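Chain and residue survey
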2 protein chains.
Amino acid sequence: MLGRLTISEVRPRTPNGCPAKAAVGETVPVAADVFRDGHDLVAARVAWRPVGDKAWRLEPLQPTGNDRFEGTLQPDLVGAHEFRIEAWTDRPATWHHHVAAKTAVGDDVSVEIEEGIALFARLARSAAGAEIRAALTSVVELLRSGASPLTVPPASLEMASAVPDPIDRTNSAKFRLWVDRSQARFAAWYEFFPRSEGGFTGASERLASIAAMGFDTVYLPPIHPIGLTARKGPNNTTESGPDDPGSPWAIGSPEGGHTAIDPGLGTENDFRAFLLAARAHGLEVALDYALQCSPDHPWVTEHPEWFRHRPDGSIRYAENPPKKYQDIYPLEFWPAEEADRKALWQACLGVIEHWMAFGIRTFRVDNPHTKPLAFWEWLIAEVQRRDPEVVFLAEAFTRPKVMAALAEVGFSQSYTYFTWRTWAGELREYLEELAHGPTVDFMRPHFWPNTPDILGGQLRNGPPAAFASRAVLAALLTPLYGIYSGYELNENEPASERNEEYLHSEKYELKSRDWDSPDTLAPLLTELNTVRRRHRAFQELRTIRFHGTHGNDALLAFSKTAPDGSDAMLVIVNLDPHGPQAATLDLDLSVLGLEADDTYEVCDELTGETYHWTGAHPWVRLDPAAGQVAHVLRIGATLPPGPVA
Amino acid sequence: MLGRLTISEVRPRTPNGCPAKAAVGETVPVAADVFRDGHDLVAARVAWRPVGDKAWRLEPLQPTGNDRFEGTLQPDLVGAHEFRIEAWTDRPATWHHHVAAKTAVGDDVSVEIEEGIALFARLARSAAGAEIRAALTSVVELLRSGASPLTVPPASLEMASAVPDPIDRTNSAKFRLWVDRSQARFAAWYEFFPRSEGGFTGASERLASIAAMGFDTVYLPPIHPIGLTARKGPNNTTESGPDDPGSPWAIGSPEGGHTAIDPGLGTENDFRAFLLAARAHGLEVALDYALQCSPDHPWVTEHPEWFRHRPDGSIRYAENPPKKYQDIYPLEFWPAEEADRKALWQACLGVIEHWMAFGIRTFRVDNPHTKPLAFWEWLIAEVQRRDPEVVFLAEAFTRPKVMAALAEVGFSQSYTYFTWRTWAGELREYLEELAHGPTVDFMRPHFWPNTPDILGGQLRNGPPAAFASRAVLAALLTPLYGIYSGYELNENEPASERNEEYLHSEKYELKSRDWDSPDTLAPLLTELNTVRRRHRAFQELRTIRFHGTHGNDALLAFSKTAPDGSDAMLVIVNLDPHGPQAATLDLDLSVLGLEADDTYEVCDELTGETYHWTGAHPWVRLDPAAGQVAHVLRIGATLPPGPVA
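Residues numbered from 1 in each chain as written. Chains lettered and ligands numbered in written order. Predicted model: local features only at pLDDT ≥ 70, side-chain atom pairs only at ≥ 80, totals over all residues. Heavy atoms only, no water.

1. Remarks on the overall build of chain A
When helices and strands are tallied, chain A shows 13 helices and 29 strands. On the principal axes, the C-alpha backbone points of chain A span a range of 100 × 70 × 45 Å. By residue count, 59% of the 645 residues in chain A fall in the buried class. Sequence separation of at least 24 residues holds for 75% of the intrachain contacts in chain A that already meet a minimum separation of 6. Approximately 25,200 Å² of chain A is accessible, and the part contributed by carbon and sulfur atoms is 51%. Of the side-chain charges in chain A, 60 are positive and 88 negative, and the distance between the mean point of each set is 5 Å. (Helix = DSSP H or I, 4+ residues; strand = E, 2+ residues; numbered from the N terminus. Buried < 20%, exposed > 50% of the residue type's maximum accessible area, 1.4 Å probe, protein only. Contact = heavy atoms within 4.5 Å. Areas by Shrake-Rupley, 256 points an atom, 1.4 Å probe, with all protein chains shown as cover. Lys, Arg positive; Asp, Glu negative; His and termini not counted. Charge placed at Lys NZ, Arg CZ, Asp CG, Glu CD.)

2. Concerning the pairing of strand E24 (residues 568–574) of chain A
Residue and element names in this part refer to chain A. Along E24, seven of the seven residues are buried, which leaves the element largely enclosed by surrounding structure. Side chains Ala-568, Leu-570, Ile-572 and Asn-574 project from E24 onto one buried face, and the interleaved Met-569, Val-571 and Val-573 project onto a second face that is buried too. Where strand E23 (residues 555–561) and E24 come together, seven bridges link them in antiparallel fashion. Residue pairing for E24: Leu-556 is matched across the bridge by Val-573. What sits between E23 and E24 in their antiparallel hairpin is a turn of six residues, with Gly-565 showing a positive phi close to 75 degrees. By the bridge criterion, five bridges tie E24 to strand E29 (residues 630–639) in an arrangement that is antiparallel. In the sheet register, Ile-572 faces E29, and the bridge partner there is His-631. (Pairing = 2+ DSSP bridges.)

3. Section: the side chain of Ser8(B)
Position of Ser8(B) relative to the elements: it lies in strand E1 (residues 6–11). Ser8(B) has contacts with Asn16(A), Ala32(B), Asp33(B) and Arg68(B), leaving out every residue within four places of it along the chain.

4. Focus on the environment of Leu606(A)
Residue and element names in this part refer to chain A. If you trace the backbone, Leu-606 turns up in the loop between strand E26 (599–604) and strand E27 (610–614). Put simply, Leu-606 and Ile-113 are 493 residues apart on the chain and 64 Å apart in space, counted from C-alpha to C-alpha. Sequence-distant contacts of Leu-606, defined by excluding residues within four places in its chain, comprise Leu-524, Glu-527, Ala-630 and Val-632.

5. Quick notes on the interface of chain A and chain B
The interface is formed by 51 residues belonging to chain A together with 51 residues belonging to chain B. When chain A packs against chain B, the two sides together hide about 4,700 Å² of surface, and 56% of this comes from carbon and sulfur. Counting every contact that joins chain A to chain B gives 14 salt bridges. Run the count over chain A and chain B and you get 18 residue pairs in polar contact (both at pLDDT 80 or more). (Buried area = accessible area lost by both parts, 1.4 Å probe. Salt bridge = Lys/Arg side-chain N within 4 Å of Asp/Glu carboxyl O. Polar contact = N/O pair within 3.5 Å; in protein donor to acceptor, adjacent residues only side chain to side chain.)

See below:
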């Protein structure tokens, strides 16, 4: 049997009932369709709490048209939460509407006054809170005194409307909401290979520069012993020499597997010292969680049942015909015996627990889409039960629905297709999907202009302006972004025309870099990270809105605002690193808090320059040759009408 | 714990888990997102059955891109059905893809052949059906014989793919599907007031003409005794004379309530004779189910607890300030006492049962949106448990979400906003929503160009061409449509400019009509009902597609096709009854089964004329002054290239 009111299309939610996601301090939009039969008005609120709490916290929902009700909640604790929508007939407002309409045409309302007295007296009895009860009782007295029902104070009416009427109060099903710490939704990552810095000790010396650029997370490729069997040589060749370090993703050697440290990087104590140094610089360290084994991994001999054997007795190596990856054995996540499955999954959980004991709380997960979704749902829940602060980033460059499903089953953050979106139309379409589509309730996009695997698009043999432009986009389009080191030095040499690899990829070789190069983008990255921290607008994804550039697909104009509208930022990016681009903009002033004829100040946070603009159609031009790749404009004060300088 | 495969976004379904709807003989689209981790291919099917059957019926689903799988099912029994999606890893196809890729580059596949032998042998053991087992066993023998794996017959591979692999076969949750008789989705209704024909006996004499026009359902406004208290006079005046018949919707007098017959119409036996006459003409009779009472209804004295009393002791009459309906008391569907609620709901069910005993199987429900959704969910389920052939039409001209919710909880058919959609753009947008939006799974739109309450838009003081044009739209845009009698006589006089009532509305007066008028639209209605029956395309809603009219908003061009593509109809309607309209069309030839350069025959089913068109841009002109309001074109044979007459 249905409830007295209908409550449906509740947000936030995921397609298959997994928890939606929020973060501490986030303003989380909540919405539902709420309606009932007939013409009476209805009222609704969201009740929410951390799982285990007795008391519900309450926030009102407001009607926004077409039977939709909307509001927000702001979690302040990490962990599992639940919420439900509560709705009831708003009899005080319906009554008031009724008496006002009758009074307006001179009808007698004496019976309505009696009905009002009964209504407010009844609600006063069921209201929680002495203040509300007193207000409703004074309405009863006012009506009894013979005063016009139209003199009931609006504030008292509003209080009465907010009392859930026990006659037909209806609660929706409970929905789950997982709350992460705030870094899960707002962070700037920097990826680098400690081995190129001489191991953990040398890598520690890089931390000051990374922190100075404003990054808050350093992510390290796998730090474990690397297999010797079929070890890859420079540029992904199948022959390696004795000095070739091999790919860190070919995990495991006689020196250990996923819980060991590559002796070339240092000892456990060196690693602990590195972690301490990072913490001293305010940097969090993220480790790579790559569930695969080199043929030399201890599990291969200790647990052959965790691998798939072929009819000839060999273990199946990774293969995507005609490509072969003889240096990597995939794990068999569904072995024939249930006991083997449980043991493997527990071992995988043990790896996380091992590094959590070092204080690691962020894991970047390699290729999660090649492991079962059921495994991730189990693993992430187990880990976050141990510590709800743990964050997982899914490196799944796969099909859209699989990517979304990984986010749904628990991944905190997701790599995206950003790397393959270059021009304004496709960037806009993709951001609309990420920020305004249904996945925004549970999938947090993490933008990377490059990774050790991907040197893409305009960065390939690209000029410094390409690196600058893509950095602005990654840093300002989404609250989560990261770069792989070398980006700031405009490293742009592709391995070939056939794939997206770097020439002399650091995956197979040590890299030596000139960090003091005068061409470094470090100052721009520092600016971007500063402006991201300074402006609440850039910590939001949902508030992004796009503005017209007169059909110029090489200019992207977008704005972001703080949830309360207090901070409005407008960004215009030249997507063409090879020449100047100009356009008359077509701004949607309403989302910037402006009126059509306003003259207003815009301050470029990158250059410090201030302009005065009037109306929705300013003209902009960005010339990379003059060092201009973007305007990052704070919308400032509105100026009085009249001639301006 | 999730299954091995992910199955989500299943269609058909409703937002809150009520049954989706289908009808006997309908080709019902079924779809789901189906995917798993990794790169292996997956296969899926739909398993469905009448509730209570043991055996599932099975239909394959095919991948259509982006991890979507689609297929159809065709129910042949009325009543409750259930279905689920079943999916598994398609190891035969994955294996074949793998060996083909390796063979192409000359790699050794001897281990793959061993794997194939094991795979096909295993599937042969779990396959249902001797034929399939034999085919898979012969694949095993073929591979054992040393033949190339590429020689495995495609038909055998396909059979193997269709065997649900027990290793990871995953079943979705069960979804409910309610199957109505076919008339629930395809019918032509004719509404008339028997009292204007002198009661049931006179009304019987109208049936031959109604049947001759091709209608299949006659719907009668309430046939019950009408209250005297506050009875309405002509043109909805509050004063009535002794000869004024009153509104049939003011139900109940000392002569009885919802189970009685107005003596002015005849006796129960007269009604039975009318039903027999209707059946003899192939007409089904639909009754009005209007759950409200005149102040003289027996329930008012027998069951005062079913009405809402005001503080002064009076019963609350219907009121929407400043409007008052003193001749109608609403029922209180949630009285304070649960026992009273149960008794009232049972009494309402009793009314339906009473008329079912007369053989009535179709009810048009008056104002269902002013009664609780929970009531309808209960009532319709109770009735359809007694007889699944019963059909309910919801007369709910209310907000979109309430309208959809009524359909979701069980109404078979729904009145719509068609009456207020006049021009091509708004008609197109509305049909796209009805035919291609999510409600198509459970809401069947029923188009009425007029009702006794609504003389709207171009019909008000409109010329015959307006009536012709709106009849074509109603009859051909959706499988369900109806007219209220007098429409064929172009009755066009509005009561006032302020509302949509008819002047001298039949709701308050008897009407005398000249059925032999030479201006009757009966020939057009006959043509429309004939073409609807002849063409399966017009029995479909989902296959509607719109075609360009070069921006002319006064011309609507749409096509419909049979689900198997065998029947393609193209309709062009002039929406402007006052003058000719012309346009160069922009046809989407692919939906008509044509190629860009084809020359093809089009036959106008209204005029019998045949044209030869080439390409996507024929020119059309429709002049109402010449009797042309629409082309109803059957897309005929494609002609050989070359000059045509």
